[in-house]
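# Results of the structural survey
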Amino acid sequence: MTEEQFDALIQSLQKYARQNPTNYKFRVALLAALGYGYIFFVFVLLCGIFWIATKTLVFSIIIAVGMARSLSLSFPKPKGVEISRSELPALFALIDELTTALQAPQFHHIILDNQLNAAVLQVPRFGFLGWYRNYLFLGLPLMQSLSPAEFRAVVAHELGHLSGNHSRFVGWIYRLRNIWYQFGEGLQANGQGGSILFGGFFKWYAPFFRAYSFVLARAHEYEADRCAAELAGTHNAAQALINLDIKSDYLRKYFWQNIFKKAIDRSSPPEATITNLVQQLRNEVSSEDAAVWLDLALAEKTNNEDTHPCLFDRLSAFGYLPNGYQLPLPASVEKTAAAHFLGEALPNYIDRLDTEWQNEISPIWKQLHEKAQLRSQNLQNLENLAQTQSLTIEQQRKRAQLTAEFKGNTAAIPLYREVLAQQPQHSIANFELGHLLIEEKDPVGIRHIEIAIAQDPELLIPGSRLIFGFLKRQGKNEEAKIYLEKIEQNYYTWRQAATERKEVSYRDKFAHHNLPDTEATQLAQQLATYPQIKEAFLVQKVVTHLPENPFYVLGIIRRYVSVKVADYKSDTELIDLVQNQLNFSGDVFAIVLNEYNRKLAQVLGKIKGASIYRRSI
């Protein structure tokens, strides 16, 4: 099921569920039963075949054992540090209280991890038959961001997903949609023994059931929010949501961005990262940043990428938004939930999570460092080339972009201005220059972003976010409000365009790339530097939303190259490598054409002029 089909199905089901809630639930129940029915049908069919062939019960028993193994679900080992009742009695007392109030099942494992999140997970011991092992995950960053009362609301929300006080049917569907999805993913990814019997069915059924039950799962999120409000108070439940949205932006834009920038120079991850994270979360977020991030969070709309509703809808359900929803910023947290519930054990848990994070991120960090070195080499190559010949517009823009990354904004700004002197309407160059100027607090950046938006409507939302944040921090609230309204009015169109560009299928319509010959030749020359590439096709996917912004598809056919095992690049690694180094500002989706997407290769091969590079030897 494609993203577009997923969205279309959910939209129709939302309308149907509102008009016929009982019938909708009945249909979901029938669809849930279909999964069990198919498994039972396969079991009876195989038993019947072997009974007719052998007239013995032994083979039926063998079939039952074999099917049980085929239907087993494997879950990765949970990340984090398990905590015990004897170490943290106050925390367990809170969980016990909420578990009793909500008639939720007991937790077999409670895990402290490094996420700004909390979650419950039920792992079935016997696959689709159930008998669950229950996990509760509590993020240390989350606990460090909230007061004890707000943390209570978050835990109540998570336990609300398992509550026996509310619809057991909805709770069952909530669990089952995850089980079927995991089972379908396992069959596809691992080629389990049951893939021949179940693979085709569950390839269709698991995503379809997940989509069909989506409306029910979202309703379950609202029900869990009501549990939080009932057991912790509406104010605490709402403040927890607001606080976490603001802290999430703070970590993403400041803390983690600065951490991962270090991969440019460091081949190994920094030590004491979680220690630093916990310390940073004790610092107050500036009121200017908090106000910008809260307004932007409230401007977002609920979409189908996640069952969680948007912040505005969740606060509205609480009845927490005043007229005009000008919310006050959250009060500072005097004593965090981490300090309150972990107490003297807090430093020990921080140390253990530090070690776990460093071990977990090390292989990823190595890849980030290697990619940074490749980008640095690309910059050096472009600078050397500029000494001997004129660069194409795309090469000049890429040079400016990489200069900003490795040498800073001051060095990059003149390079962007050189690009725009030749091509004043270049959307990406205008957007990137505008972004840099806004970072330097230069209002001229607004004009460049406006030009970029006029040329490429897909930049309207990110561009309006940048301008809104700049004006809001300058105290120009009325001017900023104009851009906030643009975000609210255009959010759905922008989201639909992004969804349409997330994947490519042979069923899509394609057209000639329509690039100038100089740009197509420059791309071909760059692709020729990769010995793994035999042929490359470039086309445009015909899109419905924001068609004025071309969406390019780069299809790559690999050739066999004898290399050391350590130097071999998987398809994913090759695509990542090409996209990191490509001197091209267009919106491009790169994909390796192989036996798994043979039909797509055939479609691209039939488009006249699509082949922009073919290795002669």
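My aim in this report is to walk through the structure given alongside it, one point at a time. Everything numeric in this text was worked out from a predicted model, so none of it was measured. (Residues numbered from 1 in each chain as written. Predicted model: local features only at pLDDT ≥ 70, side-chain atom pairs only at ≥ 80, totals over all residues. Heavy atoms only, no water.)

### Focus: the overall build of the protein chain
- When helices and strands are tallied, the protein chain shows 24 helices and 9 strands.
- Over its C-alpha trace the protein chain gives a radius of gyration of 27 Å, about what one expects of a compact globule, namely 25 Å for 617 residues.
- Each of the three principal axes of the protein chain carries a C-alpha extent, and together these read 75 × 70 × 50 Å.
- With 617 residues in all, the protein chain has 49% of them scored as buried.
- Between the centroid of the 63 positive side chains of the protein chain and the centroid of its 62 negative side chains there is a distance of 7 Å. (Helix = DSSP H or I, 4+ residues; strand = E, 2+ residues; numbered from the N terminus. Rg over C-alpha atoms; globule rule 2.2 N^0.38 Å. Buried < 20%, exposed > 50% of the residue type's maximum accessible area, 1.4 Å probe, protein only. Lys, Arg positive; Asp, Glu negative; His and termini not counted. Charge placed at Lys NZ, Arg CZ, Asp CG, Glu CD.)

### Quick notes on the pairing of strand 3 (residues 118-124)
- Strand 3 sits mainly inside the fold: 5 of its 7 residues count as buried.
- Summarising the sheet, strand 3 and strand 4 (residues 132-139) pair through 7 bridges and their orientation is antiparallel. Across the sheet, the residue bridging to Leu121 is Tyr135, located in strand 4. (Pairing = 2+ DSSP bridges.)

### So, the sheet that holds strand 3
- Ordered by their spatial adjacency, 4 strands build an open sheet running 1-2-4-3, and the pairing between neighbours is mixed. Each edge of the open sheet carries a strand with a single partner, namely strand 1 (81-82) and strand 3.

### A short note on the packing of aromatic side chains
- On inspection of all chains with the given rule, the structure shows 22 aromatic pairs.
- Taken together, a centroid distance of 6.0 Å and an interplanar angle of 50° make the contact between Trp204 and Tyr205 tilted.
- Since its relative accessible area comes to 43%, Trp204 is described here as partly exposed.
- The class for Tyr205 is buried, based on a relative accessible area of 0%.
- Taken together, the ring pairs connect Tyr24, Tyr38, Phe201, Trp204, Tyr205, Phe208, Phe209 and Tyr212 into an aromatic cluster. (Phe/Tyr/Trp six-rings, centres within 6.5 Å; stacked < 30°, edge-to-face > 60°.)

### Examining the layout of surface pockets
- In this structure, the second largest pocket occupies an estimated 630 Å³ of space.
- Residue lining of the second largest pocket: 26 residues in total, with Ser427, Ile428, Asn549, Ser585 and Gly586 positioned closest to the centre.
- Contributing elements (two or more residues each) for the lining of the second largest pocket: helix 16 (393-407), helix 18 (427-439) and helix 21 (477-500).
- Partitioning the lining of the second largest pocket into residue classes produces 12 nonpolar, 8 polar and 6 charged. (1 Å grid on protein atoms, 1.4 Å probe; cavity = no way out; pocket = protein on both sides within 12 Å on 5 of 7 lines; lining within 4 Å. Points joined across faces, edges and corners; volume = space filled by probe spheres on them. Nonpolar A, V, L, I, M, F, W, Y, C, P; charged D, E, K, R; others polar.)

### Observations concerning the environment of Lys599
- Residue position: Lys599 is located in helix 24 (residues 598-605).
- Residues Lys599 and Ala101, spaced 498 residues apart in sequence, show a C-alpha to C-alpha distance of 55 Å.

### As for the pattern of salt bridges
- The tally for this structure, following the rule as stated, stands at 20 salt bridges.
- Ionic pairing is found between Asp295 and Lys472, a salt bridge with its closest N-O pair at 2.9 Å. Note that Asp295 is positioned in helix 12 (residues 287-299) and Lys472 in helix 20 (residues 460-473), a separation of 177 residues in sequence.
- What makes Asp295 buried here is its relative accessible area of 13%. (Salt bridge = Lys/Arg side-chain N within 4 Å of Asp/Glu carboxyl O.)

### Considerations on helix 21
- A rise of 1.5 Å per residue sets the reference length of helix 21, with its 24 residues, at 34 Å; its end C-alpha atoms lie 34 Å apart and thus fit the reference within 8%.
- Approximately 55° is the largest bend angle found in helix 21, and it occurs at Asn490.
- For helix 21, the full list of buried residues reads Ala480, Tyr483, Leu484, Ile487, Tyr491, Arg495, Ala497, Thr499 and Glu500.
- Elements in contact with the buried residues of helix 21: helix 1 (3-19), helix 12, helix 19 (444-455), helix 20 and strand 6 (533-541). (Expected span 1.5 Å × (residues − 1). Bend = angle between axes of the 7 residues up to and from the residue. Contact = heavy atoms within 4.5 Å.)

### Focus: the side chain of Asn549
- Its location among the elements puts Asn549 in the loop between strand 6 and strand 7 (551-558).
- In this structure Asn549 comes out as buried when scored by relative accessible area, which is 8%.
- With near-sequence residues (within four places) excluded, Asn549 lies in contact with Asp456, Glu458, Arg501 and Asp587.

### Points about unusual backbone geometry
- Phi at Ala272 is positive, roughly 60°, even though this residue is not glycine.
- Within the fold, Ala272 resides in the loop between helix 10 (234-261) and helix 11 (273-281).
- Ala272 sits in the partly exposed class, given a relative accessible area of 33%.

### Topic: the nonpolar core
- Grouped together as the largest cluster of nonpolar side chains are 93 residues, with contacts concentrated most on Leu112, Leu138, Leu140, Met143, Phe151 and Leu315.
- Of all the elements, helix 10 adds the most residues to this core, at 11 residues.
- Beyond its immediate chain neighbours, meaning those up to four positions away, Leu140 contacts Leu112, Asp113, Gln115, Ile274, Val278, Ala338, Leu342, Leu346, Ile350 and Leu353.
- Phe6, Val170, Trp180 and Phe202 belong to the second-largest nonpolar core, a separate cluster that totals 28 residues. (Core = buried A, V, L, I, M, F, W, Y, C linked by side-chain atoms within 4.5 Å.)

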